[in-house]
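Fold and geometry: a report
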Amino acid sequence: MFRKPRNSVRRKGTLAAIPWIGPALVLIAAIVAFPACYMVWTSTRDLSDYGQDRGSAGLANFRELFRIPELGSVLAHTVIWVVAVVLITLVLSAGLAQFLAKDFPGRTAVRMAVLVPWAASVVMTTTIFYYMLDPDVGIANRFLVDIGLLDRGFGFTKQPTPAFLVAIGVAVFVSIPFTTYTILAGLQSIPAEVGEAGRVDGASAWQRYRFLTLPQLRPAIAVATIINIINSFNSLPILQVITGSIAGFEADTTTTLMFKLIRQNRAIDVAAAMSVLNFVLIIVIIAIYVKVIRPTREVDG
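Residues numbered from 1 in each chain as written. Predicted model: local features only at pLDDT ≥ 70, side-chain atom pairs only at ≥ 80, totals over all residues. Heavy atoms only, no water.

A short note on the overall build of the protein chain
Our working definition: Every helix listed is a DSSP run of H or I at least four residues long, and every strand listed is a run of E at least two residues long, numbered separately from the N terminus. Throughout, radius of gyration means the C-alpha value; the globule benchmark is 2.2 Å times the number of residues raised to the power 0.38. Buried means the residue's accessible area, taken with a 1.4 Å probe over protein chains only, is under 20% of the maximum for its type, while exposed means over 50%, and partly exposed covers the values in between. Two residues form a contact once any of their heavy atoms are found within 4.5 Å. Computed with the Shrake-Rupley method and a 1.4 Å probe, the accessible areas treat only the protein chains shown as cover for residues.
The helix and strand inventory of the protein chain stands at 15 helices and 2 strands. Against the 2.2 N^0.38 benchmark of 19 Å for 301 residues, the protein chain shows a C-alpha radius of gyration of 24 Å, more extended than a compact globule. Residue burial in the protein chain is summarised as follows: out of 301 residues, 37% are buried. In the protein chain, 65% of the contacts between residues at least 6 apart in sequence involve partners at least 24 apart. For the protein chain, the exposed area adds up to about 18100 Å²; of that, 67% sits on carbon and sulfur atoms.

Comments concerning the nonpolar core
Stated precisely, the cut-off is as follows: Definition of nonpolar core: a set of buried residues of the types Ala, Val, Leu, Ile, Met, Phe, Trp, Tyr and Cys, connected through side-chain atoms within 4.5 Å.
Of all hydrophobic cores here, the largest spans 30 residues; its most connected members are Trp81, Ile168 and Ile238. For this core, the elements supplying multiple residues, two or more each, are helix H3 (71-100), helix H8 (160-188), helix H11 (218-233), helix H12 (237-243) and helix H14 (268-293). At 10 residues, H8 tops the list of elements feeding residues into this core. Contact partners of Trp81, with chain neighbours within four places excluded, come to Phe164, Ala167, Ile168, Ala171, Ser232, Phe233, Ser235, Ile238, Leu239 and Thr253.

Side note on the packing of H3 against H8
Operational definition: Between N-to-C directions, angles span 0 to 180 degrees; the directions come from axes that are lines fitted to C-alpha atoms, helices contributing only their stretch in contact. Any angle that is under 35 degrees is reported as roughly parallel, and any over 145 degrees as roughly antiparallel; angles of 65 to 115 degrees are reported as roughly perpendicular and all others as oblique. A crossing counts as left-handed when the near helix is turned anticlockwise from the far one by less than a right angle, and as right-handed when that turn is clockwise. Amino acids are sorted into nonpolar (Ala, Val, Leu, Ile, Met, Phe, Trp, Tyr, Cys and Pro), charged (Asp, Glu, Lys and Arg) and polar (every other residue, Gly among them).
For the pair H3 and H8, the least separation of the axes is 6 Å and the interaxial angle reads 45 degrees. Taken together, the axis directions place H3 and H8 in an arrangement best described as oblique. Crossing of H3 over H8 shows right-handed handedness. Across the contact of H3 with H8, the residue classes break down as 20 nonpolar, 7 polar and no charged.

As for the environment of Ala197
Structurally, the position occupied by Ala197 is in helix H9 (residues 192-200). Note: C-alpha distance between Ala197 and Thr78 (119 residues apart in sequence) is 44 Å.

Here it is as structure tokens:
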């Protein structure tokens with residue numbers, strides 16, 4: 001019996017699938033591929049302070065970017081920012097998800113309350129924290145003075161290091177709801193028989209979580225981690241509200257540096273080069289994470 005070549009069968013299968021995946025491919029090309037390519041192209045142009053294209057600049061914008069003395073420290077701040085926000089968020093969310101998975105009175109109300117920071121505007125939430133910590137009129141500062149922990153209001157948002165730490169705290173606060181619900185969904189997909197089998201075998205609560213629950217949460221944690229990496233890496237509103245008024249670059253990440261290049265220096269073309277570097281860094285970080293952690297190996301195996 002004559003059999004069609006395997007390549008021919010695959011080709012026909014691909015063509016048959018195009019009507020179904022075509023709209024998704026068009027959407028990806030329109031909102032991902034085209035902006036990314038345009039961003040790279042813009043980074044090679046000589047742009048005026050008002051965005052007028054004056055011709056090709058080659059790699060001059062990148063050379064100008066790497067001549068910025070503070071770039072090294074800004075990259076270090078970015079690493080600290082992303083690692084701290086993602087790790088603290090994952091740890092707190094894992095514990096909160098474990099708590100919300102239990103049956104207790106008022107669980108629905110607590111679950112709804114956890115969503116509040118996610119539902120509120122990030123700028124509004126950050127602004128509330130900013131004014132709560134104001135050294136003169138902030139309610140948090142007033143409270144710390146009243147209970148004797150401080151002699152007078154402290155400028156938490158007026159100095160680079162404290163302001164950067166406050167920004168990390170706010171970023172964790174607004175990231176917890178999504179991460180908690182992602183891990184909670186993973187917990188609820190695990191059959192009850194898995195934990196029961198570990199209990200019968202005499203495993204402790206920590207052993208059951210470490211060796212039975214956690215491996216099955218790898219896909220959920222992977223999704224939460226990757227999205228949190230992207231969100232924190234590109235986070236501008238939180239840092240801009242908390243640290244935007246601080247002079248210099250001691251509390252800046254690559255995203256806020258890009259904003260300052262546009263707003264203060266009017267260097268739109270150099271900012272475009274910074275955006276390309278930002279994009280490459282995100283891709284590299286996520287690729288390393290997926291390669292090293294291999295979050296789906298338990299599922300694929």
